[in-house]
Amino acid sequence: MQPTSGEMLGIYETMLLIRTTELKMVELFKKGEIEGHMLPCLGQEAIPASLAKVYADTDYLVTGHRGGGHYVARGCDYNALWAELYGRVDGVTKGRGGQIHLMDMTKKAMTGNAVVGQQWGIATGAGFVARKRGVMVVAVGGEGSTNRGVFHESLNMAAVQKLPILYVIEYNDRQMWNVCSETTAGERIATRALAYGMEGASVDGNDVLAIHAKAAEFVRKIREGSGPCLLECITAKWTDSVSNLRNLPENVEAMKKPDFDPVLRFETRLRIDGVLTDSLDLQIKENVRQKLQGALSFALASPVPDRYDGIDEVYSQPV
Amino acid sequence: MRQMKFVDALREGMIEEMRRDPDVFQIGEAIGGMQGGIFGVTKGLEEEFGKDRVIETAISEGALGGVAVGAAAFGMRPVVEIMFGSLMTLVVDEVHNQAGSLYYVSGGKIPCPMVIRTCNWMRIISGPHHCGNLDATFMNSPGVKLVIPSTPYDAKGLIKASIRDNDPVVFMEYSPLYTLKGDVPEEEYIVPIGKADIKREGKDVTVITYGVGVHDALGAAEELEKEGVSVEVLDLRTVLPYDKDAIRKSVAKTSRVVITYEGYKTGGIGAEIAAFIAEECIEDLSAPILRVAGKDVPCPSNRRLIEGISIGMKDVVDAIRKLMA
Ligand SMILES: Cc1ncc(C[n+]2csc(CCOP(=O)(O)OP(=O)(O)O)c2C)c(N)n1
Ligand SMILES: [Mg+2]
């Protein structure tokens, strides 16, 4: 089922918001205005933006370390994101977790984790809750994380239990300095679904409509009780982390091609289809600009935490 | 004497052992190529020894731990790199249950000569999953040796001893030390496992520590010398099994003890050392034993909050002043 024109414009706006957010984050990091460990999802924006139009507001979202785009697409607190990046008390985790531990449970979103692969087990746990509550889980991770044993253990358990989980792989062919061919046996991660008797598919992860179509089909089946499905989205990340920018597009010609730029690619598509006009585009970009400006002002107005803040918050129920 | 960075001395030690013994091999994530691991410790090794002895792997810590035990049990000497110390949680079974018990449970028939190297990087801003500290986990693992060098000299001598050792060694590197320069002789040497080192002689207080804590203690000693307090710095070097004689001797001399370590205070290395001193050296003490250690809080991803939970030279100075008051 194609998304409606309105939904497509929504996806486009989300992609732009993610792109703008990640570029600003890189810029502020380079200037030394924000610090810490940050993993932008530049080049992968199509995946979070498309998925967010497929799952429902009541569903659960669990990602690994590159979760910033999913946080934004899910509609998690945007002001609190920026306060977090600035390490301020109004950050979504009060400035404690930083960019790799973003979580907004008001949106049922655990979009941060720095131990690669652990999200698979956690998402599977969320799957038991989802089954009971009549909702589903979207679980996201890089292809590298599928080489952890916990990936196998989780998919097997979810399949046996018929848990309502869409497992999504963001396949960008890179794990820090490693390329897939050095570390990973077999061509496609999606084929592993066969082993668990679940459905799997591999799609162009820079193509919004391809992701949307397959994800929507899987979500429908999962809601009908099929048990988990595995969706692999083939994409490319422009950069590994803010402190390792060697792949940023200005340095790599290839990245400037529309294939490598899902935002540009979707914009072109929307224009050809007559969905996006110049004036709409201007308006959408203005929305994004204002949202970012508002969040930056919010963040800068938020106080820096006291250095002992949180020391009494290690237990939820102190004894 | 030749000056060398910690990271280069460590690498030189591994290279010498790989040249000496063809059964020594390296395995880990992103350890090959020109990268040579996240801190470049294994840089250039693949070039010299090839892909069969410098083995690049997927993100598969569990398998890395298992591979170490299996390769060691069947006769080789694996050196595994786990990218950072927090990930040691993912090989606790392999180290604690498998490697730690193998020699004993096989009736003394199967030694397990493996080294798992990793790096504690608590003094960066990266949050609880990167900047945790599991030193105490391995202090509580019978059959395992826990080796933590503080200088380039010790790093080289101890990695060589660890690779030659017939028991499983967890070799912990503290990231702030990689760039530290120090004396490293040209001729071959070994630093024996199980021997502490007095890094500075003193007569009023003993600071017992290891790794990066040694440098906090040395800084504190220098500071306090101006006030006429003479501080002895005892570097454990091997944290398990630790050098009881060296501790006894130093405590008998100074009668006051501060133990400092970066891990969480409760149930940490200091708890064991303090308990040992209380059991065996209580008569020598003229003051309570103090611990200077991290707070029992997950590491935040925020410079300001890190200040609130971490320790440094100043905390060691304060503790010593308290003991001398
Ligand atoms: C268990 C574990 N091993 C190693 C690391 C270090 N590390 C952080 S990101 C990363 C690469 C992850 O690759 P992938 O899962 O493909 O995700 P991507 O970064 O490409 O989005 C590695 C090895 C880690 N954080 N956790
Ligand atoms: Mg990847």
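Conventions used here
- Residues numbered from 1 in each chain as written.
- Chains lettered and ligands numbered in written order.
- Predicted model: local features only at pLDDT ≥ 70, side-chain atom pairs only at ≥ 80, totals over all residues.
- Heavy atoms only, no water.
- Helix = DSSP H or I, 4+ residues; strand = E, 2+ residues; numbered from the N terminus.
- Rg over C-alpha atoms; globule rule 2.2 N^0.38 Å.
- Buried < 20%, exposed > 50% of the residue type's maximum accessible area, 1.4 Å probe, protein only.
- Areas by Shrake-Rupley, 256 points an atom, 1.4 Å probe, with all protein chains shown as cover.
- Lys, Arg positive; Asp, Glu negative; His and termini not counted.
- Charge placed at Lys NZ, Arg CZ, Asp CG, Glu CD.
- Near = heavy atom within 4 Å.
- Polar contact = N/O pair within 3.5 Å; in protein donor to acceptor, adjacent residues only side chain to side chain.
- Domains from an automatic or database assignment.
- Contact = heavy atoms within 4.5 Å.
- Buried area = accessible area lost by both parts, 1.4 Å probe.

A few points about the overall build of chain A
1) Next: Each helix and strand in chain A was counted, giving 11 helices and nine strands.
2) Next: Scaling as 2.2 N^0.38, a compact globule of 319 residues should have a C-alpha radius of gyration of about 20 Å, and chain A matches this with 19 Å.
3) Next: In terms of overall dimensions, chain A has C-alpha extents of about 60 × 50 × 40 Å along its principal axes.
4) Next: Here chain A, with 319 residues, has 55% of them falling under the buried criterion.
5) Next: On chain A, roughly 13300 Å² of surface is accessible, and the fraction owed to carbon and sulfur atoms is 53%.
6) Next: Across chain A, 35 positive and 39 negative side-chain charges occur, with their mean positions spaced 3 Å apart.

Observations regarding the site of ligand 1
1) Next: By nearness alone, 22 residues border ligand 1, and His-65, Arg-66, Ala-114 and Lys-237 of chain A together with Glu-61 of chain B come closest of all.
2) Next: Per-site note: the chains with residues close to ligand 1 are chains A and B.
3) Next: With respect to ligand 1, the side chain of His-65 of chain A contributes an N or O atom lying 2.8 Å from an oxygen atom.
4) Next: Here an oxygen atom of ligand 1 and a backbone polar atom of Ser-145 of chain A are 3.0 Å apart.
5) Next: Against a free-state accessible area of 570 Å², the protein chains account for coverage of 97% of ligand 1.

Considering the domain arrangement of chain B
All names here are of chain B.
1) Next: The domain boundaries assigned to chain B delineate domain 1 (3–183) and domain 2 (197–324).
2) Next: Put simply, the middle of domain 1 and the middle of domain 2, counted by C-alpha atoms, are 26 Å apart.
3) Next: Taken together, the contact pairs 29 residues of domain 1 with 30 residues of domain 2.
4) Next: Taking both sides of the interface into account, the surface hidden between domain 1 and domain 2 amounts to around 2300 Å²; carbon and sulfur atoms contribute 63%.
5) Next: When residues of domain 1 are sorted by the area they lose upon contact with domain 2, Arg-123, Ile-125 and Met-139 head the list and together hold 29% of the total.
6) Next: Applying the counting criterion to the domain 1 and domain 2 interface returns nine residue pairs in polar contact (both at pLDDT 80 or more).
7) Next: Going through the elements one at a time, helix H5 (135–139), strand E6 (145–147) and helix H6 (152–164) are the ones with two or more residues in the side of domain 1 that touches domain 2.
8) Next: Considering each element in turn, the side of domain 1 that touches domain 2 owes the most residues, four residues, to H5.

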